[in-house]
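# Report on the structure
Listed below are the residues making up each chain.
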Amino acid sequence: MIPIKVLVPAGVLGLGFDLEALNYGVKNNPDIISIDGGSTDSGPYSLGSGKSKYSRAAIKAEWKSLMIAREKANVPLVIGSCGTCGTNGMVDWMENITIELAEELNQNLKIAKLYCQQEKNYIKKNFQLNKIFPLNPAPMLNNQLINEMKNIVALAGAEQIQECINTGAEIILAGRTTDTAIISALPLMKGANPGSSWHGAKVAECGALCSTNPTSGVVMVEFDKTGFTVEPMSKNAFCTSETVAAHMLYENADPYILHEPGGYIDVTYSNYYNIDKKKVRVEGAKWHSSKQYSVKLEGAKIAGYQSSLLVLLRDKNYVENVKKWTDKLSKFLKREINERMAIDTSEYSLEFRHIGLNSTLGELENNIRSPVEVGVLCLITSKNQISTEIAKLINPFLLHFPLSSNEELPTFAFPFSPVHSDRGCVYEFALNHILELDNPMDAFQIKITEV
Amino acid sequence: MSTLGEKVRKIRSKNAGPFWITIDIFCGNKKIYKEVCCKLTNLEIINLLMISEQHLKRFEIDDLNVIKFSFPRKIIQGDIFDRDMHGAQLAVLLSEMKF
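Figured I'd write up the structure that's included with this text. (Residues numbered from 1 in each chain as written. Chains lettered and ligands numbered in written order. Predicted model: local features only at pLDDT ≥ 70, side-chain atom pairs only at ≥ 80, totals over all residues. Heavy atoms only, no water.)

## Quick notes on the packing of helix α1 (residues 19-27) of chain A against helix α3 (residues 56-73) of chain A
Residues and elements named next belong to chain A. At a minimum axis distance of 10 Å, the contact between α1 and α3 shows a crossing angle of 20°. Regarding the angle of α1 to α3, the classification is roughly parallel. Considering how the two elements wind past one another, α1 and α3 form a crossing that is right-handed. In this structure, α1 uses L19, L22, N23 and V26 to contact α3, whose residues at the interface are S65, L66, A69, K72 and A73. In terms of residue class, the contact of α1 with α3 is made up of six nonpolar, two polar and one charged. (Axes fitted to C-alpha atoms, helices over the stretch in contact; angles between N-to-C directions. Helix = DSSP H or I, 4+ residues; strand = E, 2+ residues; numbered from the N terminus. Parallel < 35°, antiparallel > 145°, perpendicular 65-115°, else oblique. Left-handed = near helix turned anticlockwise from the far one by under 90°. Contact = heavy atoms within 4.5 Å. Nonpolar A, V, L, I, M, F, W, Y, C, P; charged D, E, K, R; others polar.)

Written out as structure tokens, the structure reads:
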């Protein structure tokens, strides 16, 4: 069965890919088509709310191309981390899109769904049994924190994807998985080199980002007993030993070690060399199995409800003294909020950011010069939905607050009506832990649908 | 005196999961790589980024002529006080360093 060819259409579904390159990939006889559907990369909102970062229409259009490609290639199509966050609801959302498309395309399909979401009681039980361990750094875990969590997912590895492949499904819709597991699962199953299966998966997990032409998307990775070969499918993309090796650095705190469920790879002694202008061959990654199988957990809880206001300052005196102005305004507002609304400062946070001065880097900024104008972004985050009312109280003062008492009331520039924007519920990541499992399927379920 | 950004080929920074930031300095060639390895101290980096020394990891990757720094975020990605979720603008601070 070796070598095994895995076609990766893009780093994530929703980002687009080169259709011509995809068709070229299909002609090159892949054994499986694997694409990632999510990440924590865009912050905690997706996991907290259980919603997709990308629009349904974008996902549907791209998934349609992949379902057509799958039928042509007659191989399984796998997506990991459905709907950005990989909750159960997002697996069902992806199933819904798949069923709509199956009808439109007149395809008969067996669909395997891998559910990765975790019940709070199951996490509490495992926490009490000392089966959950913190990674570095991690929020302090306790039952109260678990109770506050909106959604908790476990990251599936190769074992759970292999279970799905073994069902004979044409399409696999997986909840949260590691970015690499959807690519490494089949080569590992068919006896390819374990270290290289994970290493090749890491190289290809962002699609053509490991090539000279990242936006082309599509790459093919061929896995065998001793290593892997990676090739971009676009005419205008090339892999070089440097572009491939450099990808191991990308988004990785450690450039040599990559942890996965069940162990880790070490690529310290890997060799990268160009076979031809496009293809790079890599050998030498070592897989180290851990004694105890474990999976990583992700969780998000509500951080509060947020409202924002933006005011623009062009007056030279106010631009030069903007920090002083917001310090004074902040003190004044806190007193007003307390007196008029009876809300203590412990119940909300009020923050001013100075756009044009240091709003990107904050205290790290070391190049502050006086700009021609400053945008003052006012952020209110409260435990309950009172942030809107606080924003409305702030509104007139943000417009007219004077630096000194003996001057005419100033009026600044509001670019919007209404002035405030409700950002609704905002979330925070609250887990960076691993969960030990006796059996890889213990925290996961597979369901089959036929259409 | 020139800046580090003018000296090397590329500097990028990125979140490595919600809890870490990683910075890659692509030196471009062996000569510059050796010079940067030699002259760029951890002390300069921890002062620039206001992090403590025990949190900073430094890697010198000879094959790629890359120096890499990783450290845990003081503010978790997407926290209400986070200003740059992807941490990608931090690289500018290194680029503008006097070298």
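Having seen it, we continue.
## Comments concerning the pairing of strand β4 (residues 66-72) of chain B
Residues and elements named next belong to chain B. Of all seven residues that make up β4, seven are buried, and the element is covered over most of its length. Across the two faces of β4 the burial is the same, with V66, K68, S70 and P72 and I67, F69 and F71 all buried. In terms of strand pairing, strand β2 (residues 20-26) meets β4 through seven bridges, oriented antiparallel. By the bridge assignment for β4, T22 is matched with S70. In the sheet, strand β3 (residues 57-61) pairs with β4 via five bridges, with the strands oriented antiparallel. (Buried < 20%, exposed > 50% of the residue type's maximum accessible area, 1.4 Å probe, protein only. Pairing = 2+ DSSP bridges.)

## A closer look at the nonpolar core
Residues and elements named next belong to chain A. Grouped together as the largest cluster of nonpolar side chains are 60 residues, with contacts concentrated most on L114, I161, I183, V230 and F444. Looking at which element gives the most residues to this core, the answer is helix α8 (residues 181-189), with five residues. Aside from chain neighbours lying at most four places away, what touches I183 is V6, V8, S34, A201, A204, E205 and F223. One finds L77, C85, V91 and Y115 within the second-largest nonpolar core, a separate group that totals 40 residues. (Core = buried A, V, L, I, M, F, W, Y, C linked by side-chain atoms within 4.5 Å.)

## What to know about the pattern of salt bridges
As enumerated under the stated definition, the model contains 26 salt bridges over all chains in all. Measuring nitrogen to oxygen at the nearest pair gives 2.9 Å for the salt bridge that ties R58(B) to E60(B). (Salt bridge = Lys/Arg side-chain N within 4 Å of Asp/Glu carboxyl O.)

## Structural notes on the sheet that holds strand β13 (residues 280-283) of chain A
All names here are of chain A. Spatially, the ten strands line up as an open sheet ordered β12-β13-β9-β8-β1-β2-β3-β7-β4-β20, and their pairing is mixed. Edge positions in the sheet fall to β12 (271-274) and β20 (445-450), since each of these pairs with one other strand and no more. On average, adjacent strands in this sheet sit at an angle of 20° to one another, irrespective of strand direction. Sheet contacts for α3: β2 (32-38), β3 (77-84) and β7 (171-174); angle to β3, the most-contacted strand, approximately 165°. Helix α9 (residues 194-204) rests against β1 (4-8), β8 (219-223), β9 (227-232), β12 and β13 of the sheet, and its axis sits at about 175° to β8.

## Notes on the packing of aromatic side chains
By the definition in use, this model includes nine aromatic pairs over all chains. On the basis of an interplanar angle of 75° and a centroid distance of 6.4 Å, the ring pair of Y256(A) and F59(B) is categorised as edge-to-face. Of this pair, Y256(A) sits in the loop between α10 (241-247) and β10 (257-260) while F59(B) sits in strand β3, placing the two residues on different chains. Here F59(B) falls in the buried class, since its relative accessible area comes to 13%. With a centroid separation of 5.2 Å and 40° between ring planes, the pair formed by F332(A) and F401(A) is classed as tilted. Note that F332(A) is positioned in helix α12 (residues 322-341) and F401(A) in the loop between α13 (387-400) and β18 (420-429), a separation of 69 residues in sequence. This pair shows no difference in class: F332(A) is buried, exactly as F401(A) is. One aromatic cluster is present, formed by Y318(A), W325(A) and F412(A) through successive ring pairs. For K10(B), the ring lying beneath its charged end belongs to F26(B), and the centroid distance is 5.1 Å. (Phe/Tyr/Trp six-rings, centres within 6.5 Å; stacked < 30°, edge-to-face > 60°. Lys NZ or Arg CZ within 6 Å of the ring centre and 35° of its normal.)

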